[in-house]
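What follows is each chain in one-letter form.
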Amino acid sequence: MGSLDYIAVTLYGLICVLSSIVGVKVRKENWPVWTTTITSVGNMLVWTYVTKNSQLPLVNLSALYDVVGALAYFVGFAIFGEAISPIQWVGIFMMIFSLYLINSH
């Protein structure tokens, strides 16, 4: 994985955390629904860039971004006090383990 891949996946994770925060604000009717478009466009731009320029195979890249996105959403929800149940923790660890399996040769 090249340095631009690390930067892109970090940016994607940060946008996903921001997306979860926006989601919480929209759900509590503090922000208008259209604000979710901003983070969605950000994620689309990052994904468009990495599918064209990443050094990783597309299968590995897709798995990486699925896991990073899901974990980042959990982080964002946890920041706002959303409870993560024991079964969700099991799911988180299974996602991380599946990423390991997909990327092992």
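Residues numbered from 1 in each chain as written. Predicted model: local features only at pLDDT ≥ 70, side-chain atom pairs only at ≥ 80, totals over all residues. Heavy atoms only, no water.

Caption draft 1: Broad picture of the overall build of the chain. The secondary structure content of the chain amounts to four helices and zero strands. Mapped in sequence order, the helices and strands of the chain form the string α-α-α-α. Considered along the principal axes of its C-alpha atoms, the chain spans approximately 45 × 35 × 20 Å. Within the span of the chain, comprising 105 residues, buried residues form 31% of the whole. Intrachain contacts of the chain at a sequence separation of at least 6 include 67% that bridge at least 24 residues. Taken as a whole, the chain presents about 6,900 Å² of accessible surface, with 70% of it coming from carbon and sulfur. Charge centroids of the chain, computed over 4 positive and 4 negative side chains, lie 6 Å from each other. (Helix = DSSP H or I, 4+ residues; strand = E, 2+ residues; numbered from the N terminus. Buried < 20%, exposed > 50% of the residue type's maximum accessible area, 1.4 Å probe, protein only. Contact = heavy atoms within 4.5 Å. Areas by Shrake-Rupley, 256 points an atom, 1.4 Å probe, with all protein chains shown as cover. Lys, Arg positive; Asp, Glu negative; His and termini not counted. Charge placed at Lys NZ, Arg CZ, Asp CG, Glu CD.)

Caption draft 2: Seen up close, the packing of helix α2 (residues 36–53) against helix α3 (residues 58–79). As a packed pair, α2 and α3 sit with axes 10 Å apart at the nearest point and diverge in direction by 155°. Viewed along their axes, α2 and α3 adopt a mutual orientation that is roughly antiparallel. Relative to α3, the crossing made by α2 is right-handed. Along the contact surface, α2 presents Val46, Trp47, Val50 and Thr51, while α3 presents Leu58, Leu61, Ser62 and Tyr65. Here the residues of the contact of α2 with α3 sort into six nonpolar, two polar and no charged. (Axes fitted to C-alpha atoms, helices over the stretch in contact; angles between N-to-C directions. Parallel < 35°, antiparallel > 145°, perpendicular 65-115°, else oblique. Left-handed = near helix turned anticlockwise from the far one by under 90°. Nonpolar A, V, L, I, M, F, W, Y, C, P; charged D, E, K, R; others polar.)

Caption draft 3: The arrangement of the packing of aromatic side chains in detail. This structure, assessed with the given rule, holds five aromatic pairs. A network of ring pairs unites the aromatic residues Tyr12, Trp47 and Tyr65 as a single cluster. (Phe/Tyr/Trp six-rings, centres within 6.5 Å; stacked < 30°, edge-to-face > 60°.)

Caption draft 4: Spotlight on the environment of Val50. Take Val50: it is sitting in helix α2. Spatially, the C-alpha atom of Val50 lies 8.7 Å from that of Val9, the residues being 41 residues apart in sequence.

Caption draft 5: Summary view of the side chain of Asn43. Positionally, Asn43 belongs in helix α2. Exposure remark for Asn43: the relative accessible area of 12% places this residue in the buried category. Beyond its immediate chain neighbours, meaning those up to four positions away, Asn43 contacts Tyr12, Ile15, Cys16 and Ser19.

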